[in-house]
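Letter by letter, the chains look like this.
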Amino acid sequence: MSISAKSLRFDEHTLWVDLSDGRTIGVPLAWFPRLLRATPEQRQAYRISATGRGLHWDDLDEDISVAGLLEGRGDMSHPAPNAA
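Everything numeric in this text was worked out from a predicted model, so none of it was measured.

Visitor: Would you mind going over the sheet that holds strand β1 (residues 5-10) with me for this structure?
Guide: Whenever strands of a sheet pair, they do so through backbone hydrogen bonds, lying parallel or antiparallel. In space, the three strands of this open sheet follow the order β1-β2-β3, with antiparallel pairing throughout. Every other strand in the sheet has two partners, leaving β1 and β3 (24-28) as the edge strands with one partner each. Each strand of the sheet is rotated relative to its neighbour by a mean of 20°, with strand direction disregarded. Sheet topology note: the strand β2 (residues 14-19)/β3 ladder contains five bridges and is antiparallel.

Visitor: What am I meant to see in the side chain of Asp18 here?
Guide: Relative to the elements of secondary structure, Asp18 occurs in strand β2. A distance of 2.6 Å separates polar atoms of two side chains, one belonging to Asp18 and the other to Thr24. Beyond its immediate sequence surroundings of up to four residues, Asp18 is in contact with Ser4, Ala5, Lys6, Ser7, Arg9, Arg23 and Thr24.

Visitor: Would you take a moment to explain the side chain of Glu62 for this structure?
Guide: Take Glu62: it is sitting in strand β6 (residues 62-65). By relative accessible area, Glu62 is classed as buried at 4%. In this structure the side chain of Glu62 is engaged in a polar contact, spanning 3.3 Å, whose partner is the side chain of Arg34.

Visitor: How should I be thinking about the environment of Gly26 in this particular structure?
Guide: As for its position among the elements, Gly26 is in strand β3. Exposure remark for Gly26: the relative accessible area of 37% places this residue in the partly exposed category. Along the sequence, Gly26 and Thr14 sit twelve residues apart, while their C-alpha atoms lie 6.1 Å from each other.

Visitor: I'm lost on the pattern of salt bridges in this one. Help?
Guide: Any two side chains of opposite charge can pair, on the condition that their charged atoms come close. Per the counting criterion, the structure on display carries five salt bridges. Here Asp21 makes a salt bridge to Arg23, at a shortest N to O gap of 2.8 Å. We classify Asp21 as partly exposed; its relative accessible area is 32%. On the accessibility criterion, Arg23 (39% relative accessible area) is partly exposed. In this structure, Glu71 and Arg73 form a salt bridge, with 2.2 Å as the shortest nitrogen-oxygen distance.

Calculation notes
Residues numbered from 1 in each chain as written. Predicted model: local features only at pLDDT ≥ 70, side-chain atom pairs only at ≥ 80, totals over all residues. Heavy atoms only, no water. Pairing = 2+ DSSP bridges. Helix = DSSP H or I, 4+ residues; strand = E, 2+ residues; numbered from the N terminus. Axes fitted to C-alpha atoms, helices over the stretch in contact; angles between N-to-C directions. Polar contact = N/O pair within 3.5 Å; in protein donor to acceptor, adjacent residues only side chain to side chain. Contact = heavy atoms within 4.5 Å. Buried < 20%, exposed > 50% of the residue type's maximum accessible area, 1.4 Å probe, protein only. Salt bridge = Lys/Arg side-chain N within 4 Å of Asp/Glu carboxyl O.

Limitation: the analysis is restricted to geometry and does not speak to function.
This is the structure:
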């Protein structure tokens, strides 16, 4: 069975994702600078892919995989400071 997203929501600092296996995971918005800088309205303009494995914000050009969240990965488009 592949774990998928069922719904998501935000608070001031966190992206919360409800998963198909009953878990809810929260990740810091700081992991995703585009979401961190977005307005609440922009954050709400998301779609969950048909498979539930991807989260997409077309207007923000942001794509997040559920697998990446489960592995603890944030935005991979920019290397972390001091990364070796």
